[in-house]
Each structure stands twice: as structure tokens, then as C-alpha cells.
Amino acid sequence: MASSSAPPPTSPLRSSPSSNSYYEIPWVEKYRPTKVTDVVGNTEAVSRLQVIARDGNLPNIILSGPPGTGKTTCILALAHELLGAHWKEAVLELNASDDRGIDVVRNKIKMFAQKKVTLPSGRHKIIILDEADSMTSGAQQALRRTMEIYSNTTRFALACNTSSKIIEPIQSRCALVRFSRLSDQEILGRLLTVIEAEKVPYVPEGLEAIIFTADGDMRQALNNLQATFSGFRFVNQENVFKVCDQPHPLHVKNMVRNVIEGRFDDACSGLKQLYDMGYSPTDIITTLFRIIKNYDMAEYLKLEFLKETGFAHMRICDGVGSLLQLSGLLAKLAIARETAKAP
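Residues numbered from 1 in each chain as written. Predicted model: local features only at pLDDT ≥ 70, side-chain atom pairs only at ≥ 80, totals over all residues. Heavy atoms only, no water.

You'll find the chain entered in an unreviewed UniProt entry as AAA+ ATPase domain-containing protein, with Platanthera zijinensis given as the organism. Listed in UniProt under the heading Subcellular location (unreviewed entry), the comment for the chain reads: "Nucleus". UniProt, in its Function (unreviewed entry) section for the chain, records the words "May be involved in DNA replication and thus regulate cell proliferation." (UniProt positions renumbered as here; feature names shortened; annotations may be inferred.)

Below you can see the structure in the form of C-alpha cells.
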């Protein structure tokens, strides 16, 4: 019988915290820039924020753009640069996961705005509202009055995906900075930096696949890279598409080629094969849209294809996601190929 003083057997998952991916910080957080100058892409928006960081004259500000383009990172980096050691006590950050109704604006936000904090001359407390477009209309109405009353001591930074969901009275009180999707080259540059730091084995096709699945979203690119490395320890095309569980672009590209070359039955059987593999219509049509956008075909035909794909995507988003809907799209693409005329 084993001695009672013997140590219990160690789980292989927890045996070596330093070497096991179970304990790793998400690379999105690990490599998040801490200075505005380090943010990748959106040169114009970042240069405007750099001027604010240098001069210290922060207005109320709305950062609008697609997910994963650096809005929250820019606000946090800006707050760090402006407030330095006072950052913890002078910044209130609320995310969409918090309750963001009218009561939060009247109580939590108002109490923070009233709080006395000793700051360097010309600096203000900062309230960061991430995903601000998910705030209720009542909360936004209450917020505009709070912004006015405490403008001497507090500045508001709102990050959102769609600025039109912010009510106009708030928009008129804020400077608007727009962010756009990152280019493939910008994402590749940051991926290579992380790969070098983490010693990730890869092939160029694997990085191409990560950039394709990210579609201009830096957060998605880094998450996909880490997930592929954690799961397979090697980044190649096959592993990336397994982890991301998206239809393989080559399969979708063959489908488009069959439509263009008049092999409609082959295109339909390719679609049925994808559908039977369990991919959702939304995933299939999103990949199809991106393939058509980059496909080498006549411009007038590409515009027709994109228009029909857009209509089908709209119907699928409304809940009509069936094989019949996707097959109908292929039929419309085939008709567009026959009837579309060069201008």
C-alpha cells in the first residue's frame, strides 16, 4: 500500500504551468499595444489620437468601426498616456456586458463624474463606454445631460460598431473618429511579430488562411493563430480551416468557377456537399461573398454576382436559411452570367 505522505499524481494538464497552453494569456491581451503609436492600421485615425495624447486636450469622442480594428485598444492606450499613474482611479470602463440602462447612467456614471480626483493640470477623468451602440435610448438621453453638466472634469469616450445607433444629441457633443477594416498586409505584419515572439512553426499558406478567415479583424486573426497553434502546434491551411470551421475557400472557388463556365450541375453538387458537411448557410454565403469579391472576372459580371449574393445574404439573415435559398442563388448567378452585358 502506498504511503499516505506520497504526493498525489499530477494531472498532465496542470503539471507545468509555464509550458502548457492551458495557462497561457490570450495573445490578444498579451500583445495589446499600450501606446497609441503602436496601434496597427487606420493611420489617419491613430495620428489624430496621437495629437490628443501629445497635447492632452481630450474632447468627448466616439470611435466607430467594425470589430477588431483597434477602437478599445486606442481608448485604453490614450487613457494610459494622458493619466499615467492616476489611470486606475480616474478611468471608469463599462462594457456591453454590464447593465447599461438608465439607472446605471443616473447612478454609477453620475457618481463617478462627481468624484473628486487630483489630476495634473489640464487632465480630465475618462469614462469609457465600450459597445455604446447597445445602450438603450433612455440611457443615451440621460447620458447627454450628464456629459454637459460635468464637462469641466470628465470626458466620455464611446466605442461602437455603428455610429448611427448613437442619438444625434450625443453625436453633436463628440468628435467622431472612424475606423475601417485592416488591410491584409497590416494583419500579416502583426502576425509575423507574434509568431516570432511565440516561436510558432508555420507555412505561408497557413498565414494566408488566417488572414482570409480574419477578414480585416485583428482580434480574430490573433485568436485563430493561437487556437491553431494550441490545437495542432503547426499553422498550415488545413489546420486553420479545421479550427475556424469555415468552408474551404478552394471548394467555394470551384463552385463559382463552375457557374461561370456553365457547369451548373457541378456547382449545385458542390454546394450540396458543403451543406451536408454541416456548414451553416450564413458561413457558406459569407465565404462565397469574399471569394466573388476577389475573383478574377469581368467587372460588370462581378457587380451582378455581388448584388445577387447580397440579396440572398439579406434573406438568410431574416431566417430563410435553407439549401433551396442557396441553390436559388446559384441559379440567379447562372442567369446573370447569361444575361449580363458589358457596359
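Next comes the rest of the account.
(A) Main features of the overall build of the chain. Helix and strand counts for the chain stand at 16 helices and five strands. On the principal axes, the C-alpha backbone points of the chain span a range of 80 × 70 × 35 Å. In the chain, which comprises 343 residues, the share counted as buried stands at 44%. Relative to all contacts within the chain whose residues are 6 or more apart in sequence, the contacts with residues 24 or more apart total 74%. As presented, the chain carries roughly 18,100 Å² of accessible surface, and 52% of it is formed by carbon and sulfur atoms. (Helix = DSSP H or I, 4+ residues; strand = E, 2+ residues; numbered from the N terminus. Buried < 20%, exposed > 50% of the residue type's maximum accessible area, 1.4 Å probe, protein only. Contact = heavy atoms within 4.5 Å. Areas by Shrake-Rupley, 256 points an atom, 1.4 Å probe, with all protein chains shown as cover.)

(B) The arrangement of the confidence of the model for the chain in detail. Residues with a pLDDT of 70 or more make up 92% of the chain, whose mean pLDDT is 87. When mean pLDDT is taken per element in the chain, strand E1 (residues 61-64) scores highest with 95 and helix H5 (residues 102-114) scores lowest with 87. Contacts of residues 1-22 to residues separated by more than four positions or lying in other chains number ten contacts, the stretch itself having pLDDT below 50. (pLDDT = per-residue confidence, 0-100.)

(C) How the structure looks around unusual backbone geometry. With phi around 55 degrees, lysine 199 is a residue other than glycine that occupies positive phi space. Structurally, lysine 199 can be placed in the loop between helix H8 (184-198) and helix H9 (204-214).

(D) Fine view of the nonpolar core. Grouped together as the largest cluster of nonpolar side chains are 50 residues, with contacts concentrated most on Ile187, Leu191, Leu225, Ile292 and Phe305. Apart from residues no more than four positions distant in its own chain, phenylalanine 305 is found in contact with Val259, Ile260, Ile292, Met297, Leu333, Ala336 and Arg337. Counting residues in each nonpolar core, the second largest holds 28 residues, with Ile52, Cys74, Ala90 and Leu119 among its members. (Core = buried A, V, L, I, M, F, W, Y, C linked by side-chain atoms within 4.5 Å.)

(E) Expanded view of the pairing of strand E3 (residues 125-129). Of all five residues making up E3, five are buried, and the element is well covered by its neighbours. For strand E2 (residues 91-94) and E3, the ladder comprises four bridges, and the chain directions are parallel. Across the sheet, residue valine 91 finds its bridge partner in E3, namely isoleucine 126. Note that E3 and strand E4 (residues 154-160) share five bridges and pair parallel. Within the sheet, the bridge partner assigned to isoleucine 126 lies in E4 and is arginine 155. Handedness of the crossover joining E3 and E4 through helix H6 (residues 137-149): right-handed. (Pairing = 2+ DSSP bridges. Right-handed = clockwise from strand over helix to strand, strands pointing away.)

(F) Spotlight on the pattern of salt bridges. Per the stated rule, a full pass over the model turns up twelve salt bridges. Lysine 242 is the partner of glutamate 238 in a salt bridge, and the nearest nitrogen-oxygen pair spans 3.4 Å. Placement of the pair is glutamate 238 and lysine 242 together in helix H11 (residues 237-244), with a separation of four residues, close to one helical turn. Residue arginine 263 pairs with glutamate 261 through a salt bridge whose shortest N-O separation is 2.7 Å. Overall, glutamate 261 belongs to the partly exposed group, its relative accessible area being 44%. Counted as one network, the salt bridges with shared partners bring together Arg145, Glu148 and Arg173. (Salt bridge = Lys/Arg side-chain N within 4 Å of Asp/Glu carboxyl O.)

(G) Region of the structure containing the state of the cysteines. Applying the stated criterion across every chain yields a total of zero disulfides. Of the cysteine sulfurs around cysteine 160, a residue in no disulfide, the closest is that of cysteine 174, at 9.6 Å. With relative accessibility at 12%, the residue cysteine 174 sits in the buried group. (Disulfide = S-S within 2.5 Å.)

(H) A look at the environment of asparagine 152. Assignment of secondary structure puts asparagine 152 in the loop between H6 and E4. Counting along the chain gives 39 residues from asparagine 152 to alanine 113, while the straight-line C-alpha distance between them is 9.9 Å.

(I) Here's a closer look at the packing of aromatic side chains. Under the definition given, this model contains one aromatic pair. Cation over ring: lysine 125 sits above phenylalanine 112, and NZ or CZ is 5.7 Å from the ring centre. The aromatic ring of phenylalanine 212 is capped on one face by arginine 290, whose charged end is 4.7 Å from the ring centroid. (Phe/Tyr/Trp six-rings, centres within 6.5 Å; stacked < 30°, edge-to-face > 60°. Lys NZ or Arg CZ within 6 Å of the ring centre and 35° of its normal.)

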